[in-house]
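# Analysis of the macromolecular model
Each chain, letter by letter, is given below.
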Amino acid sequence: MDKVRYSIIIPMYNEEAVIQETYRRIKKVMDHTGESYELLFVNDGSTDNCAAMIEEYSYWDGSVKLIDLSRNFGHQIAITAGMDYAAGDAIVIIDADLQDPPELILDMISEWRKGYEVVYAKRVKRRGESLFKKWTASAFYRILRYCTDIAIPVDTGDFRLIDRKVNDQLKRLPERNRFVRGLVSWVGFRQKAIEYERDERLAGETKYPLKRMIKLSLDGITSFSTKPLKLAGVLGGLLSVSGFLYLMYVLYMAIFTDSAVKGWASMTGISLVFNGFVLLMLGILGEYVGRIYDETKGRPLYIVQEVYGRSVEEEPKTPEATPQVRTEVASLRR
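Residues numbered from 1 in each chain as written. Predicted model: local features only at pLDDT ≥ 70, side-chain atom pairs only at ≥ 80, totals over all residues. Heavy atoms only, no water.

### Concerning the pattern of salt bridges
- Going through the model one piece at a time under the given rule, you end up with twelve salt bridges.
- Here Asp 61 ties to Lys 27 by a salt bridge, and the two come within 3.1 Å at their closest N and O atoms. Residue Asp 61 is located in the loop between α2 (50-60) and β3 (64-69), and its partner Lys 27 is located in helix α1 (residues 19-31); the two are separated by 34 residues in the primary sequence. For the residue pair Asp 61 and Lys 27, the accessibility class agrees, reading buried in each case.
- Residue Lys 165 is joined to Asp 163 by a salt bridge in which the shortest nitrogen-to-oxygen separation is 3.4 Å.
- We classify Asp 163 as buried; its relative accessible area is 11%.
- A network of salt bridges, in which partner residues are shared, links Arg 5, Glu 35, Asp 89 and Arg 113. (Salt bridge = Lys/Arg side-chain N within 4 Å of Asp/Glu carboxyl O. Helix = DSSP H or I, 4+ residues; strand = E, 2+ residues; numbered from the N terminus. Buried < 20%, exposed > 50% of the residue type's maximum accessible area, 1.4 Å probe, protein only.)

In structure tokens:
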């Protein structure tokens, strides 16, 4: 088999409603390059039929590979699995929901040929998303930029092209609570943004509800910054000084005046503020300690149940595909 020029990593989780169109559009774009490529679909524990569909495509399309994980390990881990299996000189990461236009890959390749090792897509508009989602996403990227010592581009997702040398460096990083776009910024190299307008989902539901967005945000901040811990120390010092001064005032009033100390409500309020602060700081410490615990366990990031796909030179060794799949692949090859 000839050396693979491009690897397209497509993590998917319950994308049966859209995966056929995703395959068609990405394949059409990559055929325009006139060079060899592989489509690496990573099944992150889907419970619908999307993995079976890609498995069937892999029997008749030599460019299709299916990496079937044993369970749902999370979006960032699925991307990491795709990176580990990618064989191309340039690797593209794109979600299966078609919110990121596959046609932009050709522009990324063009910039890569100019010498950029990382070409990432920057959203200038997000269609089909609620105001709450847009606001929280915008706030997260700006908080992350403030907290970290490295320049992580704002309003960018995982849709990007990375050079083989960048991919090799990322494979050396052992983090378990991964924030891939942050890791790509951390390794450096020449990087360039391409602006685009993000589409709404073609079908199905978002795989990043609020709970997962919060988890991703915590992974991003705790993986690249200790500022929350430093901020806790500063605020703790200020509150301690304020509490000490207030204590001196109370003692002065009790010893040198005949006024009874009043304001038990205010004392209770101050006590609640201090206790709430302590609990908040314990929560922040717990996040960091929990991540340290995850790192020390040494478990593998993911477990692959099966890998489907063949080299282009091999003949199909499986039962005949359905007429629908055979017709689709044939039309795409014309």
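Once you've had a look at it, read on.
### Side note on the packing of aromatic side chains
- If you walk through the whole model with that rule in mind, you get three aromatic pairs.
- Arranged with centres 5.9 Å apart and planes meeting at 70°, the rings of Tyr 6 and Trp 112 form a pair that is edge-to-face. In this pair, Tyr 6 sits in strand β1 (residues 6-12) while Trp 112 sits in helix α4 (residues 104-113), placing the two residues 106 residues apart along the sequence. The same class applies to Tyr 6 and to Trp 112, which are both buried.
- Both rings, one in Phe 159 and one in Tyr 196, keep their centres 6.0 Å apart while their planes meet at 80°; by these two values the pair is edge-to-face. Of this pair, Phe 159 sits in strand β6 (residues 156-163) while Tyr 196 sits in strand β7 (residues 191-198), and the two are 37 residues apart along the sequence.
- Taking NZ or CZ as reference, Arg 71 lies 4.0 Å from the ring centre of Phe 73, over its face.
- If you follow Arg 190 out to its NZ or CZ, it ends over the ring of Tyr 116, 4.4 Å from the centre. (Phe/Tyr/Trp six-rings, centres within 6.5 Å; stacked < 30°, edge-to-face > 60°. Lys NZ or Arg CZ within 6 Å of the ring centre and 35° of its normal.)

### Concerning the pairing of β6
- Burial analysis of β6 places eight of its eight residues in the buried class, which makes it a mostly covered element.
- Relative to β6, strand β4 (residues 90-93) runs antiparallel, the two sharing four bridges. By the bridge assignment, Ala 90 is partnered in β6 with Asp 163. (Pairing = 2+ DSSP bridges.)

### Some thoughts on a nonpolar patch on the surface
- Judged by side-chain polarity, Val 278, Leu 282 and Leu 285 come together as a nonpolar surface patch covering roughly 270 Å² of accessible area.
- Within the secondary structure, Leu 285 sits in helix α10 (residues 264-297). (Patch = residues over 30% accessible without salt bridge, like charges linked within 9 Å, V, L, I, M, F, W, Y side chains within 5 Å. Areas by Shrake-Rupley, 256 points an atom, 1.4 Å probe, with all protein chains shown as cover.)

### Topic: the confidence of the model for the chain
- Here the chain averages 75 in pLDDT, and 58% of its residues register 70 or above.
- Contacts from residues 311-330, a stretch scored under 50 in pLDDT, to residues over four places away or in other chains number 24 contacts. (pLDDT = per-residue confidence, 0-100. Contact = heavy atoms within 4.5 Å.)

### Looking at the nonpolar core
- With 34 residues, the main nonpolar core has Met 12, Met 30, Leu 39, Phe 41 and Phe 159 as its most contacted residues.
- With residues up to four places along the chain from it excluded, the contact list for Phe 159 reads Val 92, Ile 93, Ile 94, Asp 100, Pro 101, Leu 104, Ile 105, Met 108, Tyr 120, Ala 121 and Tyr 196.
- In terms of nonpolar packing, the next biggest core, distinct from the first, is built from 25 residues, Ala 78, Ile 93, Tyr 120 and Leu 170 among them. (Core = buried A, V, L, I, M, F, W, Y, C linked by side-chain atoms within 4.5 Å.)

### Quick notes on the side chain of Lys 65
- Note on placement: Lys 65 falls in strand β3.
- Reaching out from Lys 65, the side chain makes a polar contact with the backbone oxygen of Gly 62 at a distance of 3.2 Å. (Polar contact = N/O pair within 3.5 Å; in protein donor to acceptor, adjacent residues only side chain to side chain.)

### Comments concerning the packing of α1 against α2
- Across the interface, α1 lies against α2 with an axial gap of 10 Å and an inter-helix angle of 35°. Of α2, the residues touching α1 (which contributes Ile 19, Gln 20 and Tyr 23) are Cys 50, Met 53, Ile 54 and Tyr 57.
- Classifying every residue of the contact of α1 with α2 by side-chain character gives six nonpolar, one polar and no charged. (Axes fitted to C-alpha atoms, helices over the stretch in contact; angles between N-to-C directions. Nonpolar A, V, L, I, M, F, W, Y, C, P; charged D, E, K, R; others polar.)

### A closer look at the environment of Arg 71
- Here Arg 71 lies in the loop between β3 and α3 (75-85).
- Ignoring sequence-local partners within four residues, the contact set of Arg 71 consists of Asp 44 and Gly 45.

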